[in-house]
Amino acid sequence: MLTGFGNHFATEAVPGALPVGRNSPQRPAFGLYAEQLSGTAFTAPRHENRRSWLYRLRPSASHLPFVRYTGAPDFAPGTVDDPLAPNRLRWDPLAMPDVAVDLIDSMTTMMANRDPASLEGVAVHLYRAAKDMDARAFVDADGELLFIPQAGRLTLLTELGRIDVSPGEIALVPRGVRFRALLPDGTAQGYVAENHGSLFRLPDLGPIGANGLANPRDFETPEAWFEDRDEPFELIQKSLGSLWTTQLDHSPLDVVAWHGNLVPWRYDLARFNTIGSVSFDHPDPSIYTVLTSPSGVPGRANADFVLFPPRWLVAEDTFRPPWFHRNVMSECMGLITGAYDAKAEGFAPGGVSLHNLMAGHGPDLSTWQAASAAELAPRKLDATMAFMVESCWPFRPTRFALDRAQPDYDAAWAGFPKAKLP
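The text that follows walks through the structure, step by step, so that each part is easy to find. (Residues numbered from 1 in each chain as written. Predicted model: local features only at pLDDT ≥ 70, side-chain atom pairs only at ≥ 80, totals over all residues. Heavy atoms only, no water.)

In total, this model carries 16 aromatic pairs according to the counting rule given. A centroid spacing of 4.9 Å and a plane angle of 85° characterise the contact between F219 and W265, whose relative ring orientation is edge-to-face. Within this pair, whereas F219 is found in the loop between β15 (188–195) and β16 (220–221), its partner W265 is found in strand β20 (residues 265–268), the two being separated by 46 residues in sequence. Considering the side-chain rings of W368 and F416, the 5.6 Å spacing of their centres and the 65° angle between planes classify their relative orientation as edge-to-face. Taken together, the residues W368 in helix α2 (residues 365–373) and F416 in the segment after α3 (399–402) connect sequence positions 48 residues apart. Taking the relative accessible area as the measure of exposure, F416 reaches 27% and is therefore partly exposed. Aromatic rings pair up to connect F75, Y127, F138, F147 and F179 into one cluster. Lying across the ring of W244, R68 places its NZ or CZ 5.1 Å from the centre. Directly above the ring of F400 sits R404, whose terminal nitrogen or CZ lies 3.7 Å from the centroid. (Phe/Tyr/Trp six-rings, centres within 6.5 Å; stacked < 30°, edge-to-face > 60°. Helix = DSSP H or I, 4+ residues; strand = E, 2+ residues; numbered from the N terminus. Buried < 20%, exposed > 50% of the residue type's maximum accessible area, 1.4 Å probe, protein only. Lys NZ or Arg CZ within 6 Å of the ring centre and 35° of its normal.)

Take a look at the structure:
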């Protein structure tokens, strides 16, 4: 694996496959086809521009017409159009499907915002797979896919190489990159954030300085790898919010060499350098931002991926769990492992919660009581890993999600005593 974030990489699975000094030579080595994959507009500023040159066995343009795909009924079904009550919502972990299905057919969309065609917004999906993708591949034309495993490993075989990702790690497949998924442990469950907007990047550090949060060198990019399989293959594509399928006579994962900076990557969440207070209060949760997708308004993210990892709590005279809060940003949370420090029960690994724009939320009664009376010695918050996909656009759940929300989530905030004034 190569390391770095946003760097320009060059890798070849066959020596001599990469041209030297030319991106698109008249005759690429071995009769390969030169193809550019652009993740940004050609004229994007140099520091924003993402693209890679691929040298492959066949051009990706060679395929039959696409037709509608119906094998994943809960993947991108659209969100509810009815007026949405401003209620807080939470979901238990979903059970495995009755019939073993692969990653794509197991994808279940829980919520989304914006039309993918607007090139803005984010969707959150769950996967519960128990079958390898063999002679089939997937490509998302709507956005980049951030995989957040919760149980079981994934092997993502992409056009640009192989990525093995385990719970406690994340992996990203860029928009337009074809891939298929294997399950080394037989089953796999987790979350996917599908970003339709500006590409995820590391946040600016501002007064934090040059170091902290996620370090660029810890992002790992695969070396070139390819399949030379001349046999029937299915290619499923997500486009404009719908699924489509076409048939190929070969594996589309046939890129022999590539160079560029639009690349898949893997990141170990244990390498996140958590920043916190060593005096009083605790800073806004933006200090836990791993990745950000900016919107057109400075400081207001189209999507943030925020991590709440194991960390020390040391601040004096401070209520240490997340405080009571209402936010102009909308917050979708998931739990990878352990317990979340703002809720005593009801939020399990694999579960989801949604606090939309200006929905009041915070600790439940028992967490508030315990934290208010706790002795404020240094404490290690351990054996936990929660995350948040936050967006400036309010989320709309799917019908599947609305029908399965916990009916009593509001009870988490019942029973708080009235303050006693002098």
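Looking now at a nonpolar patch on the surface. There is a patch of nonpolar side chains on the surface, built from V278, W312 and V314 and spanning about 350 Å² of accessible area. With respect to the secondary-structure elements, W312 resides in strand β23 (residues 311–313). (Patch = residues over 30% accessible without salt bridge, like charges linked within 9 Å, V, L, I, M, F, W, Y side chains within 5 Å. Areas by Shrake-Rupley, 256 points an atom, 1.4 Å probe, with all protein chains shown as cover. Salt bridge = Lys/Arg side-chain N within 4 Å of Asp/Glu carboxyl O.)

Next up on the list: the environment of N195. Among the structural elements, N195 can be located in strand β15. Note on N195: relative accessible area 0%, which makes it buried. Linking N195 and G276, residues 81 residues apart in sequence, is a C-alpha distance of 28 Å. Not counting residues up to four positions away in its chain, the partners in contact with N195 are G121, V122, D142, G143, E144, R175, F200, S293, N302 and A303. Of the polar contacts made by the side chain of N195, one reaches the backbone nitrogen of G197; its length is 3.0 Å. (Contact = heavy atoms within 4.5 Å. Polar contact = N/O pair within 3.5 Å; in protein donor to acceptor, adjacent residues only side chain to side chain.)

Taken as a whole, this structure holds two cavities of 30 Å³ or more when the rule is applied. Estimated volume of the largest cavity: approximately 120 Å³. Contributing to the lining of the largest cavity are 16 residues, with F5, R50, N261, V263 and W265 lying nearest its centre. For the lining of the largest cavity, the per-class residue count stands at nine nonpolar, four polar and three charged. There is about 30 Å³ of room inside the second largest cavity. What lines the second largest cavity is simply R56, R58, P59, S60, S62, R178, L248, H250, P252 and D254. Of the residues assigned to the lining of the second largest cavity, the class counts are three nonpolar, three polar and four charged. (1 Å grid on protein atoms, 1.4 Å probe; cavity = no way out; pocket = protein on both sides within 12 Å on 5 of 7 lines; lining within 4 Å. Points joined across faces, edges and corners; volume = space filled by probe spheres on them. Nonpolar A, V, L, I, M, F, W, Y, C, P; charged D, E, K, R; others polar.)

Moving on, we get to the pairing of β15. Most of β15 is tucked away, with seven of its eight residues classed as buried. Bridge count for strand β10 (residues 144–151) against β15 is seven bridges, and the pairing is antiparallel. Paired with L145 across the bridge in β15 is E194. (Pairing = 2+ DSSP bridges.)

Moving on to the sheet that holds strand β25 (residues 352–355). As summarised here, the arrangement of the six strands in space is β6-β25-β24-β27-β22-β21, forming an open sheet in which the pairing is antiparallel. Each having just a single partner strand, β6 (89–91) and β21 (289–294) make up the two edges of the open sheet. Sheet twist, expressed as the mean angle between neighbouring strand axes with direction ignored, is 10°. Where β6 lies against β25, three bridges are found, and the strand directions are antiparallel. When the bridges of β25 are listed, R90 appears paired with S353. (Axes fitted to C-alpha atoms, helices over the stretch in contact; angles between N-to-C directions.)

Another point: the nonpolar core. Ranked by size, the top nonpolar core spans 41 residues in total, and within it L146 and L291 carry the most contacts. Those residues within four positions of L291 in sequence are excluded, and the remaining contacts are F5, L146, I170, F200, R201, L202, P203, F219, W265, A303, D304 and F305. Within the second largest apolar cluster, 37 residues are counted, among which are F9, F138, A171 and A181. (Core = buried A, V, L, I, M, F, W, Y, C linked by side-chain atoms within 4.5 Å.)

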